[in-house]
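Observations on the three-dimensional arrangement
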Amino acid sequence: MANVISDETMGYVGILAKLELSEEEKQAAKKDMESMLDYIDKLNELDTSKVEPMSHVFPVKNVFREDVVENGDGGEATLANAPEKRDRAFVVPKTVDQ
Amino acid sequence: MKLLELTAVELGKKIKAGEVTVEEATRAALDAIKAKEEKVHSFVTIDEEGAMNRAKEVQKLIDDGTLTGPLAGVPVAIKDNLCTKGMLTTCSSKILYNFIPTYTAEAVLNLEKAGAVILGKTNMDEFAMGSTTETSAYGVTKNPWNTEHVPGGSSGGSCAAVAAEECFYALGSDTGGSIRQPSSFCGVTGIKPTYGTVSRYGLIAYGSSLDQIGPVAKDVTDCATILEAITSYDKKDSTSVKREDTDFTSALVDDVKGMKIGIPRDYLGEGLDPEVKTAILAAAKTLEEKGAIVEEFDLSLVEYAIPAYYVIAAAEASSNLARFDGVKYGYRTKEYEGLHNMYKKSRSEGFGPEVKRRIMLGSFVLSSGYYDAYYLKALRTKALIKQAFDKAFEKYDVILGPAAPTTAPKLGESLSDPLKMYLGDVYTVSVNLAGLPGISLPCGLDSKGLPIGLQLIGDCFKEKNIIRAAYAYEQTRTYQHSPIAQD
Amino acid sequence: MSKQYETVIGLEVHVELATKTKIFCSCSTAFGSAPNTHTCPVCTGMPGSLPVLNKQVVEYAMAVGVATNCQINQYSKFDRKNYFYPDNPQNYQISQLYLPICHDGGIEIETENGKKTIGIHEIHMEEDAGKLVHDDWEEVSLVDYNRSGVPLIEIVSEPDMRSAEEVIAYLDKLRMIIQYLGASDCKMQEGSMRADVNLSVREVGAKEFGTRTEMKNIGSFKAIARAIEAETARQIDLIESGEKVVQETRRWNDEQGYSYAMRSKEDAQDYRYFPEPDLVPIVISDEWLQQVKDNQPELRDEKLKRYQEEFGLPEYDAQILTSVKKLADVFEATTELCKKPKKVSNWLMGETMRLLKEHDMDPEDIKFSPINLAKVIELTEAGTINSSVAKDVFEKVFSEDIDPDKYVEEKGLKTVNDEGALRETIEKIIQDNPQSVEDYRNGKEKAIGFLVGQTMKAMKGKANPGMVNKILKELL
Ligand SMILES: [Mg+2]
Ligand SMILES: [Zn+2]
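Residue indices begin from 1 for each chain and proceed along its sequence in written order. Just so you know, chain letters begin at A and ligand numbers begin at 1, following the order they were written in. In view of the model being predicted, local features appear only for residues whose pLDDT reaches at least 70, and side-chain atom pairs are presented and counted only at 80 or more, with totals across whole chains, interfaces and linings using the full set of residues. For side-chain calculations, the full set of non-hydrogen atoms in the structure is used, while hydrogens and water are omitted.

1. Examining the packing of aromatic side chains
Rules: A pair of Phe, Tyr and Trp rings is counted when the ring centres sit within 6.5 Å of each other, with Trp represented by its six-membered ring. The angle between the planes then sorts it: under 30 degrees is stacked, over 60 is edge-to-face, the rest tilted. Here a strand is any run of E in DSSP of at least two residues, a helix any run of H or I of at least four, and the numbering for each starts at the N terminus. Exposure categories follow from relative accessible area, calculated using a 1.4 Å probe and restricted to protein chains: below 20% of the type maximum is buried, above 50% is exposed, and the middle band is partly exposed. Charge-over-ring placement is defined geometrically: NZ (Lys) or CZ (Arg) within 6 Å of the ring centre, and within 35 degrees of the ring normal.
For the structure shown, the criterion picks out 33 aromatic pairs over all chains. Judged by centre distance (6.5 Å) and plane angle (65°), the rings of Tyr103(B) and Tyr201(B) are edge-to-face. With Tyr103(B) in the loop between β2 (75–79) and α4 (106–113) and Tyr201(B) in the loop between β5 (189–192) and β6 (212–217), this residue pair connects regions lying 98 residues apart in the sequence. What makes Tyr103(B) buried here is its relative accessible area of 8%. Three or more aromatic residues joined by ring pairs form one cluster here, namely Phe99(B), Phe127(B), Phe324(B), Tyr329(B) and Phe351(B). Seen from the ring of Tyr331(B), Lys94(B) lies directly overhead, with NZ or CZ sitting 4.7 Å from the centre. The ring of Trp288(C) has Lys55(C) sitting right over it, with the charged end atom 5.4 Å from the ring centre.

Put into structure tokens, the structure is as follows:
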């Protein structure tokens, strides 16, 4: 296996992705990721040095809106699914940095 | 006559002629669902009351001449990643276990305008990540041809519901084969349109640059009709394309004389089940006999499509799924200490293993130091794949091949080896990378009695070519109802 | 003797654009509504929602780019910046990293040490975040998405500034340019202009930059100056005591006068930028760019020159009048009406400024109509009212924007030019104040002032002062 992912990397990616895997999940995910990356390394067989990365398949461009207010009070719909709300706002654990 | 044996267009005609009422059709579908759900489990949500009310309403609109289209009054099932106002939309994930959208996906709105009656929401792989519909948080959907087998995925619920005849047609979504592969496994017909043809507004995103919504039905006529109904230029979707040639039903012509069809040799090699290969080549022969010019050619780069696809899809997914955090909607963990712990616990408890795996992979390939090596490399590979197709379509009108290397595997066989499961997408993912339209339609059964799917791929905006070829081929066959449908 | 240090500063300035709607949805950007009212599925990160770009945002960004001498990227794209925070409903911010709309510009500033050009590395478009309100009693914060998706441009300077003075001159200049363009009101107090300060120190003469820190979202010019001073001192202290400056983000606490690191292992600064798949590229044609250039309004430097050349104003007047766009607008509109630029300038620089100060207002808050100031000037010039009455009338114009013609008429404030009536009054004043009369006659020139005052008081201020003087001297 060419790609070896350290526990540290798994922890780091977990912080980025906001996922906390159990030890068992972590080991499984690590193994899967290593084999996926080995497989993805196959792309290195291709010489892409002269190829521009393609994010959009079609050359669509300049899709704009005019600056006109069309939406009214979205409050009720916005909060309809909130797990916790108060005073027309979403409630989250305190965010002030310590 | 069993009403549910009818195609959507056939039922539409009978409703228009007054031979069947919308309520009768809806009742019949709801009864079929009741009878068959225990065996197939295609649905996450069934909206009996809403459907019956809507049926009454639609009948009135048909009677007073407001609704005149071919799908007016025909009951439909919607994949559970399409938002439906007031109706639970879960993406088959625990993290959206209670999410009731306040808006409806544009494609579904278009169907409603055409007079559709929504029966409910179909099961899928969680967030469309999977090829078996086994990663759903709400139970496994089974293949109506053999309930020990998977229906495919991720639109497994939609395809199984059509094959089991619990509805007249369904909507699915296709990011890497999620309409075509389960259509193939379930013996039904499904189209993945050209990227930008159907608005993605209200489709809960997996891989935004790859996702397209499309129809699943019993035959090509239905699919063309449904696609015509859901296609629209939508100013809410910046990637929506203004098209004019969207009269897809005009391509329902039994004539392939002079049509150039290419079969990629790379699609017939290692990994392809011999029975599938035989059926595909027989279908090609049939088209040749009808006057098409069929030849094999080298498409190239086929083996690079899956790695490129998984990098791009996982990267986009890791970002698209960041919004599920327990703040605005959906699942929030019960106990937590502080903000980040709340995020982590809600997401870790709310997402299933396959989703977590892809989010981790996607976050990794985008992370500092890896972006160029993985993500940009994949985007460059995508450009090469697009070029390869462009070259092929200079010579051919249609590319023909299998939709999947095998027929439906047994339940539980695939998840143990994710990489192997991913490899099953070899014939479908490149179509999404290049934004092309593709159709899968039945072309026989294997020795186990499981359906085999024929895939036809067209150049961008050339749905009509694949619809015409598929329709001509379909004329040589009769639709085979699944065992569950015949129960 | 300790070493000499130099402070190196670069700024990231966020400016909220003056569009009516948000950058990616048609929700209003208006201030002051109940929480979560200006919201929709797009700006609250609902599943399945998609962004659509507001064209006005692109035009404002281009206009600011042109005005700050930037190159415009005629092929520009959006990228996603991924990080989790509740004010950011998608947990990614749509911004620009790889192909920002403007790059490589700069503006000239002037300080006591002379003129200097501050380079602008790039200007990019992005969306603002929502607002978090912290509950003091419970361990919770409340999230309001009314500001989520309000369009911002982020102006990233080169590390070209060396002192707080330069930073403030740069910010002032930027603010002026953007206000003149009408692209934003740039009110720091209201948060429509915010600055992140990147700062490092090095020994004078050193070639390499030191390690920099970033101080986030400082809310006023004064706070910026204080933060720069404190951070410079902190970094020098570290270096002098042999410690290392850590590259980090710090938050400035202006009340306490110190900054602290916002370190958390949960905040890995790895934003995983990638091209936003839900938006398509912006391609700016030569014609479009030319159009924006042609539509650029006159900016401050041009006005400054024109006021001196066309209106013959002293440089000092022109400087002050153009220092705030609103002042320049009022000046030009009033001058247009009364054709007396120097008089208008005097009224604006004198009485207007005095009243603004008295009411603790900014020039942007001026409410009166140019026509009413023009009328005050005309009434004064025609001798219809005298200058002290004019000041009173203007005060009414300033606070209530009254019509001076009507007001003067109704209150009977016209100057009394009737010599007979004046003579009568003055004779009476002379009779009633024999002491002053005698003082004057004995050579105390000042005593006449008292008599003039008494006359004006008796005439309720409406007397023509020149005439009063003349008659008094005659009678004495
Ligand atoms: Mg920024
Ligand atoms: Zn909005």
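2. A word on the coordination of the zinc ion (ligand 2)
Residue and element names in this part refer to chain C. Short version of the rule: Water is not among the atoms examined, so metal sites may look incomplete; donors are the N, O and S atoms within 2.8 Å of the metal, or within 3.2 Å for Na, K and Ca. Every angle between 85 and 135 degrees makes a four-donor site tetrahedral, while opposite donors more than 155 degrees apart, with all other angles between 65 and 115, make a four-donor site square planar and a six-donor site octahedral; other sites are irregular.
All of the protein donors around the zinc ion (ligand 2) are Cys25 (SG), Cys27 (SG), Cys40 (SG) and Cys43 (SG); their distances to the metal are 2.3 to 2.4 Å. One way to put it: the 4 donor atoms around the zinc ion (ligand 2) meet at angles of 101 to 114°, and that makes the site tetrahedral. Along the chain, the residues donating to the zinc ion (ligand 2) are arranged with the sequence spacing C-x1-C-x12-C-x2-C. Considered together, Cys25 and Cys27 belong to a single accessibility category, that of buried residues.

3. Let's talk about the sheet that holds β2(B)
All names here are of chain B. Convention followed: Paired strands are those between which DSSP finds at least two bridges. Each axis is a line fitted through C-alpha atoms, and for a helix only the stretch in contact is used; angles between axes span 0 to 180 degrees, taken between their N-to-C directions.
The sheet built from 11 strands is open, its strands ordered β1-β3-β2-β4-β6-β5-β10-β11-β9-β7-β8 with mixed pairing. A strand with exactly one partner marks an edge of an open sheet, and here the two such strands are β1 (43–46) and β8 (293–297). With direction set aside, neighbouring strand axes in the sheet form an average angle of 30°. Direction of pairing for β2 relative to strand β3 (residues 117–122): parallel, over a ladder of 5 bridges. Across the sheet, Pro75 pairs through a bridge with Val117, a residue of β3.

4. Structural notes on the packing of helix α9 (residues 302–320) of chain B against helix α11 (residues 353–366) of chain B
To describe two helices that pack against each other, one gives the angle between their axes and the distance between the axes. Residue and element names in this part refer to chain B. Rules: The scheme is simple: roughly parallel for angles under 35 degrees, roughly antiparallel for over 145, roughly perpendicular for 65 to 115, oblique for anything else. By the convention used here, residues are in contact when the closest approach between their heavy atoms is within 4.5 Å. Gly is placed with the polar residues, together with every amino acid not listed as nonpolar (Ala, Val, Leu, Ile, Met, Phe, Trp, Tyr, Cys and Pro) or charged (Asp, Glu, Lys and Arg).
Their axes nearest at 7 Å, the elements α9 and α11 cross at an angle of 100°. The angle between α9 and α11 falls in the class roughly perpendicular. Contact residues: Tyr310, Val311, Ala314, Ala315 and Ser318 in α9; Arg358, Ile359, Leu361, Gly362, Ser363, Val365 and Leu366 in α11. In terms of residue class, the contact of α9 with α11 is built from 8 nonpolar, 3 polar and 1 charged.

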